Amino acid sequence: LFRSLAFAPDGTLFVSTDNDPDGGHSQSSGSIWRVAPGGRSATLVARAIGRPRGLVVLPDRRLAATDYIHHVIELIAPSTGGVTLLAGAWDQPGFVDGDAASARFSAPYGLALRSDGALVVADYDNHRIRLVTLDGTASTLAGGASGFHDGVLARARFANPQGLAIASNGDLF
């Protein structure tokens, strides 16, 4: 199953899946694939990276991905397939705003890139929208207690947010 799609400025499409290249399925079988513009085949970029959900292409061409089963935000180098932990701790769910090593998420899902380079993360089980800078610092943008409440960020409430999108004017959906 395809889970997330992200386009690079040159038209390259990156796709995340839950299965490994052989069709195996486990808690760590997630893969990232590259589809070249006009291409009719996919090339493996990274394998065995957990369960990627959110996926974005960064200005430096690295990929950022959320892993909802292992509760982390990762960076992937498409040229090598190398994966680096950006924020959170593998298999340590929770809620902590802070630096990369101390930050905690609980089932991070959707991911979007703000114009200032910060990642916006839908933290599903924490009912929050979080920010993660590229040095790994995590902070809460909105949400907290589960619920539904429109309003300014400090008062907004969500119940298990999943998908995110950012408009060209910076509005977050």
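Computed from a prediction, not measured in an experiment: that's the story for all the values here. (Residues numbered from 1 in each chain as written. Predicted model: local features only at pLDDT ≥ 70, side-chain atom pairs only at ≥ 80, totals over all residues. Heavy atoms only, no water.)

Chemist: I'm lost on the overall build of the chain in this one. Help?
Modeler: Per the secondary structure count, the chain includes 0 helices and 12 strands. The order of helices and strands in the chain, counted from the N terminus, is β-β-β-β-β-β-β-β-β-β-β-β. Computed over its C-alpha atoms, the radius of gyration of the chain comes to 15 Å, within 12% of the 16 Å expected for a compact globule of 173 residues. Referenced to the eigenvectors of the C-alpha coordinate spread, the extents of the chain come out at roughly 45 × 35 × 25 Å. The proportion of buried residues among the 173 residues of the chain is 47%. The long-range fraction of contacts in the chain, counting pairs at least 24 apart against all pairs at least 6 apart in sequence, stands at 36%. (Helix = DSSP H or I, 4+ residues; strand = E, 2+ residues; numbered from the N terminus. Rg over C-alpha atoms; globule rule 2.2 N^0.38 Å. Buried < 20%, exposed > 50% of the residue type's maximum accessible area, 1.4 Å probe, protein only. Contact = heavy atoms within 4.5 Å.)

Chemist: Help me understand the sheet that holds strand β10 (residues 119-123) in this model?
Modeler: Two strands in a sheet stick together by hydrogen bonds in their backbones, pointing the same way (parallel) or opposite ways (antiparallel). Across the sheet, 4 strands lie side by side as β9-β10-β11-β12; this open sheet has antiparallel pairing. The outermost strands of the open sheet, each flanked by one partner alone, are β9 (108-113) and β12 (138-143). Taken over all neighbouring pairs, the strand axes of this sheet differ in orientation by 25° on average, direction set aside. Here 4 bridges tie β9 to β10, and the two strands are oriented antiparallel to one another. (Pairing = 2+ DSSP bridges. Axes fitted to C-alpha atoms, helices over the stretch in contact; angles between N-to-C directions.)

Chemist: Explain the side chain of His71 to me, please; I cannot follow it from the model alone.
Modeler: Along the chain, the position of His71 falls in the loop between β6 (63-67) and β7 (72-76). Note on His71: relative accessible area 11%, which makes it buried. There is a polar contact of 3.0 Å between the side chain of His71 and the backbone nitrogen of Ala107. Excluding anything up to four places from it in sequence, His71 contacts Gly88, Ala89, Asp91, Gln92, Pro93, Phe105, Ser106, Ala107 and Pro108. (Polar contact = N/O pair within 3.5 Å; in protein donor to acceptor, adjacent residues only side chain to side chain.)

Chemist: Hey, could you run me through unusual backbone geometry in this one?
Modeler: Note: most peptide bonds trans; most residues except glycine with negative phi. In this structure, His71 is a non-glycine residue whose phi angle is positive, near 65°. Of note, the phi angle at Asp91 is positive, near 60°, even though the residue is not glycine. By secondary structure assignment, the location of Asp91 is in the loop between β8 (83-88) and β9. For Asp91, a relative accessible area of 43% translates into the label partly exposed.

Chemist: What exactly am I supposed to notice about the confidence of the model for the chain here?
Modeler: Interpretation of this model should avoid reading the predicted coordinates in detail wherever pLDDT is low. Residue-level pLDDT values for the chain average 92, and 99% of them are 70 or greater. Within the chain, β10 carries the highest mean pLDDT (98), whereas strand β1 (residues 2-7) carries the lowest (86). (pLDDT = per-residue confidence, 0-100.)

Chemist: Is there a simple way to think about the nonpolar core in this case?
Modeler: Side chains of nonpolar character tend, in soluble globular proteins, to be buried together. Counting residues in each nonpolar core, the largest one holds 14 residues, and the members touching the most others are Ala64, Ile73, Leu86, Ala87, Phe105, Leu119 and Val132. For this core, the elements supplying multiple residues, two or more each, are β7, β8 and β10. Counting residues in each nonpolar core, the second largest holds 12 residues, with Val45, Ala46, Leu55 and Val57 among its members. (Core = buried A, V, L, I, M, F, W, Y, C linked by side-chain atoms within 4.5 Å.)

Chemist: When you look at the pairing of β12 in this model, what are you seeing that I'm missing?
Modeler: Direction of pairing for strand β11 (residues 128-132) relative to β12: antiparallel, over a ladder of 5 bridges. Its bridge partner being in β12, Arg130 is matched across the sheet by Thr140. Linkage of β11 to β12, two consecutive antiparallel strands, is achieved through a turn of 5 residues, within which Gly136 is found at a positive phi near 95°.

Chemist: What exactly am I supposed to notice about the pattern of salt bridges here?
Modeler: Here the idea is simple: oppositely charged side chains can pair when their charged atoms come close. Evaluation of the coordinates by the stated rule reveals 8 salt bridges. Ionic pairing is found between Arg51 and Asp18, a salt bridge with its closest N-O pair at 3.9 Å. Of this pair, Arg51 sits in the loop between β4 (43-46) and β5 (52-57) while Asp18 sits in the loop between β2 (13-17) and β3 (31-35), placing them 33 residues apart in sequence. Across the pair, Asp18 and Arg51 agree in class, each one buried. Between Arg130 and Asp123 there is a salt bridge, with the nearest N and O atoms lying 2.5 Å from each other. Of the two residues examined, Arg130 and Asp123, each falls in the buried class. (Salt bridge = Lys/Arg side-chain N within 4 Å of Asp/Glu carboxyl O.)

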